[in-house]
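Results of the structural survey
Read off the chains here:
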Amino acid sequence: MLLGVIISHPHQDHWGLVTQVSPRVPIFMGEAAHRILREALFFSSAGADIKPAGFLRDRTSFHLGPFTITPYLMDHSAFDAYALLVEADGGHLFYTGDLRGHGRKAALFERLLREPPSPIDTLLMEGTLVGAEMDDPRGLATEADVEHECIALFKETQGLALAAYSSQNIDRLVTLYRATIQADRDFVMDLYTATVAVATGHPTIPRPGWERVRVFVPFRQRLQVKESGDFSRVDSIKVSRIFPEELASTPAKFVLTFRASMSRDLERAKCLLGARLIWSLWRGYLEADNRTRAFCQDHGITIHHVHSSGHAFVHDLQRLADALKPRVVVPIHTTGAKGFEQLFEWVALRPDRTWWEV
């Protein structure tokens, strides 16, 4: 019998199968994560209308059948991400979720190291970068490194600076905004990004209405608004809206949130002379994005890969294991499970689709 489903954070690989769960099964997730997914659904398949039975709150325990569950708010590239302590019948399991210790919320990771739950019988530990982190030296950058490099690139750019990133990566949104201001430019979101920023519910997140924050509504998003009849979405950003004519008149004044679907908008605006693209996503996505690469080649736009992984470096995973002192470490969310045996003591490799005792 399935007592419930807990969604640790709003990345699609962690909630994408939730529609296959019976509506009678309660679902729990972060409140801000719920808002982000609900609002994102208007624009993208990366959104979802999930109806939670309850919300996760940092270090606030709740009960689900015989289980006591305590969420721990963590540093990750997804906003409102949690690790989970699960206790039942004297056993203690800690699930890291996806986490890192080098983002804008690294203090949350350090707090966990200082104040770890104890005892821990089993540590379910993500290992996305185990065996992979040295494949791309850029992947070892911190969020602060991304900010510093973007400041320099924005200052050097002769024309419009384009920034490709995930709108749901709120850390990166803040990083790019800070770099934009320090380069003495205005930061331009698209309507999707502006909607997600407001959905976080955090007044410290850059959003429409802030000084030097503008909102561009490309054709595709204008069409979505028109077809839905939800014109309030455009009305809500009216005070911050920017049109192609302004982008074209002073392109060197702006850093523009870019996605391939707005290529035609920018071509028609004739604002690409001297432009540069900052690709602030995993490099593999760029290799698969033929449209963006062709667009840049056609317009003489240089591409700079400036990124920081949303997942923990190996040395931070080792620090976490040292702090939690589990009886056994079980690798998950990794293609390098066998590499855990060289990095941690008491590793147990558990195959998928098998039952085992904590």
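The following paragraphs examine the structure supplied in this document. From a predicted model like this one, the values you see are computed outputs, not experimental measurements.

What about unusual backbone geometry?
Both trends apply: most residues other than glycine have a negative phi, and most peptide bonds are in trans. In the segment running from S118 into P119, the intervening peptide bond is cis, with an omega of -5°. Within the secondary structure, P119 sits in the loop between helix 3 (106-114) and strand 8 (122-126). For R59, which is not glycine, the phi dihedral falls at a positive 60°. A residue is classified by how much of its surface remains accessible, and R59, at 27% relative accessible area, is partly exposed. At K325, a position not held by glycine, the phi torsion is positive, near 50°. Examined against the element boundaries, K325 turns out to sit in the loop between helix 13 (314-324) and strand 16 (328-332).

So, the packing of aromatic side chains
If you walk through the whole model with that rule in mind, you get 9 aromatic pairs. Taking the ring centre of F42 as reference, the NZ or CZ of R233 above it sits at 4.0 Å.

Examining the sheet that holds strand 6 (residues 81-88)
With mixed pairing, the 6 strands of this open sheet are ordered in space as 4-5-6-7-8-16. Each of the sheet's edge strands pairs with one partner strand only, and the pair in question is strand 4 (62-64) and strand 16. Here the strands of the sheet are splayed against their neighbours by 25° on average, with no regard to which way each runs. Sheet topology places strand 4 next to strand 5 (residues 67-74); 3 bridges connect them, and they run antiparallel. From the neighbouring strand, F62 faces strand 5, where its bridge partner is I69. Against the sheet, helix 3 engages strand 5 and strand 7 (91-95), with an angle of about 135° to strand 5. Each of strand 7 and strand 8 is contacted by helix 13, which is oriented at about 165° to strand 8, the strand it contacts most.

Observations concerning the environment of K238
Mapped onto the secondary structure, K238 falls in the loop between helix 8 (232-235) and strand 12 (241-242). According to the relative accessible area criterion, K238 is exposed, its value standing at 57%. For the pair K238 and L17, spaced 221 residues apart in sequence, the C-alpha separation works out to 37 Å.

So, the packing of helix 2 (residues 31-40) against helix 6 (residues 191-199)
Where helix 2 contacts helix 6, the two axes come as close as 8 Å, and the packing angle between them is 155°. When the axis of helix 2 is compared with that of helix 6, the two are roughly antiparallel. For the element pair helix 2 and helix 6, the recorded crossing hand is right-handed. Every residue of helix 6 that contacts helix 2 at A32, R35, I36, E39 and A40 is listed here: Y192, T195, V196 and A199. Of the residues contributing to the contact of helix 2 with helix 6, the split by class is 6 nonpolar, 1 polar and 2 charged.

About the thresholds
- Residues numbered from 1 in each chain as written.
- Predicted model: local features only at pLDDT ≥ 70, side-chain atom pairs only at ≥ 80, totals over all residues.
- Heavy atoms only, no water.
- Helix = DSSP H or I, 4+ residues; strand = E, 2+ residues; numbered from the N terminus.
- Buried < 20%, exposed > 50% of the residue type's maximum accessible area, 1.4 Å probe, protein only.
- Phe/Tyr/Trp six-rings, centres within 6.5 Å; stacked < 30°, edge-to-face > 60°.
- Lys NZ or Arg CZ within 6 Å of the ring centre and 35° of its normal.
- Pairing = 2+ DSSP bridges.
- Axes fitted to C-alpha atoms, helices over the stretch in contact; angles between N-to-C directions.
- Contact = heavy atoms within 4.5 Å.
- Parallel < 35°, antiparallel > 145°, perpendicular 65-115°, else oblique.
- Left-handed = near helix turned anticlockwise from the far one by under 90°.
- Nonpolar A, V, L, I, M, F, W, Y, C, P; charged D, E, K, R; others polar.

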